[in-house]
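For reference, the chains in residue letters:
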Amino acid sequence: MEESNNYGHQHPLLLMLNQDQLIHNQSAVTDCSRCGEKVSAPCFCCAEHCGFYLHKVCAEAPLELNHPFHPHHPLLLMQNAPYSSGRYICNFCDKGSNEFVYHCSCHFNFHIKCALFTFNIAENNLKELDHVALQHPLISTENDDEELGDVSKCFGCWEPLAKYTHFSPDCGFNFHEKCAKLPFKLNHGCHRKHPLALQFNNKWLSCKICRATNRKTDRRRIGFVYGCSPCKLAVHIECVSASLDLVVEDKSHEHPFSLFTRRSSFICDACGMEGSYASYICCTCNIMVHKKCTSLPRIIKSKWHDHRLFHKYFLPDEFTSSDCMICHNEVDPEHGSYCCSHCNITFHVHCVTEDKRSYSIVSLENEDEMPNESSIIVIKSNDAGEATKIKHFKHMHDLMLGPFDGGYENSCDGCMLPISDPFYYCSECVFFLHKACAELPKMKNVWHELCREPLALISDKVFECAKCRHICNTFAYECSECESKRCFRCVIALTPGARTCLRHEHPLFFYKDYQGHCDACGNLTLGAFCCKDCNFVLHFGCFSLPITAHHKCDEHLLSLTAHDDNNYSESHYCDICEESRDLNRWFYHCAICSTSVHVNCVLGKYPFLKLGSIFEETDHPHPLIIVKKKYYYFDCDKCGKPCEDLSLECSKLECKYIVHLDCVVHYTLRCFLWWRM
């Protein structure tokens, strides 16, 4: 046991050389004060036993590091990342942290251990890793969950570890020994202009050889690649070292493909993406493809569509002007794509297969598709074949097709948006369903979701929607595994195809990776409905805002309005909260009374909760009913303040239990209410 300098700590530190010394001096399991991981010997501990510990490698980390993978700027060791949140994402392991960070002003960040480990790999200082014992190979199976599947793969090349001897350093990364000994620089025929250097693909560039895109859903965006920074080029490790077969058999094509090495680029006839260096050619059909595209599955079942999708090298005439249903860009009919003959829609190959979790391979052409069980039973139809009387499995009475003059205060029980034609209503109780909501199936694959099984239709549960983050008790689709739920508004909005908005003349398409500001509320959004003809953008919440709404501030219906054309400055105030309004933000307006109000002031904090319904998720012994208190404010049993507006009231009158909805929702659902989307 040695005494050391204090490395910035106010007390002297003792060096613990073995685990027995550490256990003797350690009162409880603790974390390293720099990297945040569980401390283990060798390490430093405070001589005054104040709970300060440092791994030896963390304590001796240099304050400035010239890292080979980031050669243009030095990395500075900082106690906190210089961001307002104090958190950062490590460019090596892709995990977030708020502990010490190696940081560069160009937003390159490393955990301490990730920086030092990769530094030793790049410098080929494998002796620094001699203390790491070789472990038994981990066996990866198809049923492993994502976390276990990643652990059982090499962090460098992402091949299974079971094939090779490997080691697992104390920072938690498994590597093949051959990947740890990769040369830092090499020359390759795919890029003769400059040598390729071992580095990170933090720009998510596509591989020059296989053209695989490194999107956020692709785990290969972390780990190693060979790259050329001046040319903004990346090549996967396995593609650099992969042997090229002279002849390849393709199960989805009747003729074999022959290898053709080249110096110029080409467009792959299987996926429509650019390729270089090596291509495979069918001399009979004159088709040229990437090597990886010779094994594209012919038939797949995708999360993005309810029918099977077939791979086609050339589209039939009826698909000539089709756009991809995911990215909404045009699909080239002269190159490969996946298409659905039932719906006459197409998908880019890279869009529908970029995440292996989002599709499965169909081995037999006549294999049964997912049963699309209807939620309704048709009792009566009109001459046009339209169902006029139905039985919905989530309601006890028969439903009739509108019109029904029930007043503008009625909302659809499926989505909680105002009733509009066409819709079904119950003649025995106050229950309404839009026709589109009633016809949604019992089980459904929801677009832009990666839950493995079809989601099941549920109702009468209070939940936080996984997409829009509203608190609802409308109809929803629930995952049986993770129990996350998606409200009907989001499910319908994300159904493939163009969407219309009454406040915009052009169709809107959903782009899941869009980042920008919403034209309706001005808030920053990730994922939005965008117009291809202009710069109009709406995020989830604003896209599904009710076109009309009712509020006690006005006797008439209020209409959603995009811009305030009144130049009189004193009119730019909300008639509910009396605060100022932004002229460029949407608001509700009554043209008869000149009433103008904020959207949030009209809708309130919980616009998608049904009054009178049961709130079950609570520690109270009796069922609670969602009520809106307008007078006789009783004190909340949790916070002691008067219960105004939305509250939860015990169904048993003799109980007299009442609480604010806010006081229960935050604790019961264990969620943070995001800013209203």
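Under an unreviewed UniProt entry, the name given to the protein is Phorbol-ester/DAG-type domain-containing protein, and the organism recorded is Gossypium arboreum.

### Describing the overall build of the protein
Counting its regular elements, the protein contains 12 helices and 50 strands. Residue burial in the protein is summarised as follows: out of 677 residues, 48% are buried.

### Concerning the sheet that holds strand 44 (residues 558-561)
Consider a sheet: its strands pair through backbone hydrogen bonds, and that pairing is either parallel or antiparallel. Strands sit in the order 43-44-45-46 across an open sheet of four strands; the sheet is antiparallel. At either margin of the open sheet sits one strand with a lone partner, and together these are strand 43 (548-549) and strand 46 (595-598). Here strand 43 pairs with strand 44 via two bridges, running antiparallel. Bridge pairing links threonine 548 to serine 559 in strand 44.

### What to know about the pattern of salt bridges
When their charged atoms lie close together, side chains carrying opposite charge are able to pair. A full pass over the atoms with the stated rule returns nine salt bridges. Residue glutamate 439 pairs with lysine 435 through a salt bridge whose shortest N-O separation is 2.6 Å. Taking the shortest distance from any N to any O, the salt bridge between lysine 485 and glutamate 478 comes out at 3.0 Å. Lysine 485 sits in the buried class, given a relative accessible area of 13%. When its relative accessible area of 15% is taken as the criterion, glutamate 478 is described as buried.

### Quick look at the environment of serine 411
When you line up the elements, serine 411 lands in the loop between strand 30 (398-401) and strand 31 (423-425). You can call serine 411 partly exposed: its relative accessible area is 24%. Here the alpha-carbon distance between serine 411 and phenylalanine 608, two residues 197 residues apart in the chain, equals 9.6 Å. If sequence neighbours within four positions are ignored, serine 411 has contacts with Met416, Leu417, Pro418, Ile419 and Phe432.

### Considering the side chain of histidine 392
Looking at the secondary structure, you find histidine 392 in strand 29 (residues 387-392). In this structure histidine 392 comes out as buried when scored by relative accessible area, which is 0%. The residues touching histidine 392, leaving out its near neighbours within four places in the chain, are Ser375, Ile376, Leu399, Leu433, Ala438, Leu457 and Phe475.

### A few points about the pairing of strand 3 (residues 43-46)
The alternating pattern of strand 3 places Cys43 and Cys45 on one face and Phe44 and Cys46 on the opposite face, and all of these are buried. Of the pairings in the sheet, the one linking strand 2 (residues 13-16) to strand 3 comprises four bridges and is antiparallel in character. Within strand 3, the position partnered with leucine 15 by the bridge is phenylalanine 44. As judged from the three bridges shared by strand 3 and strand 4 (residues 53-55), these two strands associate in the antiparallel manner. Bridge pairing links phenylalanine 44 to leucine 54 in strand 4. The antiparallel hairpin formed by strand 3 and strand 4 contains six residues in its connecting segment, where histidine 49 sits at a positive phi of about 55°.

### Description of a nonpolar patch on the surface
Where nonpolar side chains cluster on the molecular surface, the patch consists of Tyr631, Tyr632 and Phe634 and spans about 430 Å² of accessible area. With respect to the element layout, tyrosine 631 can be found in the loop between strand 48 (624-629) and strand 49 (645-650).

### Comments concerning the pairing of strand 40 (residues 504-517)
Bridge count between strand 39 (residues 499-501) and strand 40: two bridges; the pairing is antiparallel. From the neighbouring strand, arginine 499 faces strand 40, where its bridge partner is leucine 508. In the sheet, strand 40 pairs with strand 41 (residues 524-531) via seven bridges, with the strands oriented antiparallel. Note on strand 41: the bridge partner recorded for phenylalanine 510 is phenylalanine 529. The turn joining strand 40 and strand 41, which pair antiparallel and follow one another in sequence, is formed by six residues; a positive phi near 85° is taken by glycine 522.

### Re the environment of asparagine 566
When you line up the elements, asparagine 566 lands in the loop between strand 44 and strand 45 (587-590). Taking the C-alpha atoms as reference, asparagine 566 lies 9.0 Å from leucine 583; in sequence the two are 17 residues apart. Residues contacting asparagine 566, with those up to four places away along its chain left out, are Ser571 and His572.

### Details of the packing of aromatic side chains
As enumerated under the stated definition, the model contains eight aromatic pairs in all. Here phenylalanine 529 and phenylalanine 543 contribute two aromatic rings whose centre-to-centre distance is 4.0 Å and whose plane-to-plane angle is 10°, an arrangement assigned as stacked. Separated by 14 residues along the polypeptide, phenylalanine 529 in strand 41 and phenylalanine 543 in helix 10 (residues 540-543) bring together distant segments of the chain. On the accessibility criterion, phenylalanine 543 (15% relative accessible area) is buried. Among the aromatic residues, those joined into a cluster by ring pairs are Phe423, Tyr425 and Phe432. Over the ring of phenylalanine 587 we find arginine 581, and its NZ or CZ is 4.4 Å from the ring centre.

### A word on unusual backbone geometry
Its identity is not glycine, yet serine 594 carries a phi of approximately 60°, on the positive side. With respect to the helices and strands, serine 594 occurs in the loop between strand 45 and strand 46. You will see that lysine 656, though not glycine, has its phi angle at about 60°, which is positive. On the secondary structure map, lysine 656 appears in the loop between strand 49 and strand 50 (658-660).

Rules and cut-offs
Residues numbered from 1 in each chain as written. Predicted model: local features only at pLDDT ≥ 70, side-chain atom pairs only at ≥ 80, totals over all residues. Heavy atoms only, no water. Helix = DSSP H or I, 4+ residues; strand = E, 2+ residues; numbered from the N terminus. Buried < 20%, exposed > 50% of the residue type's maximum accessible area, 1.4 Å probe, protein only. Pairing = 2+ DSSP bridges. Salt bridge = Lys/Arg side-chain N within 4 Å of Asp/Glu carboxyl O. Contact = heavy atoms within 4.5 Å. Patch = residues over 30% accessible without salt bridge, like charges linked within 9 Å, V, L, I, M, F, W, Y side chains within 5 Å. Areas by Shrake-Rupley, 256 points an atom, 1.4 Å probe, with all protein chains shown as cover. Phe/Tyr/Trp six-rings, centres within 6.5 Å; stacked < 30°, edge-to-face > 60°. Lys NZ or Arg CZ within 6 Å of the ring centre and 35° of its normal.

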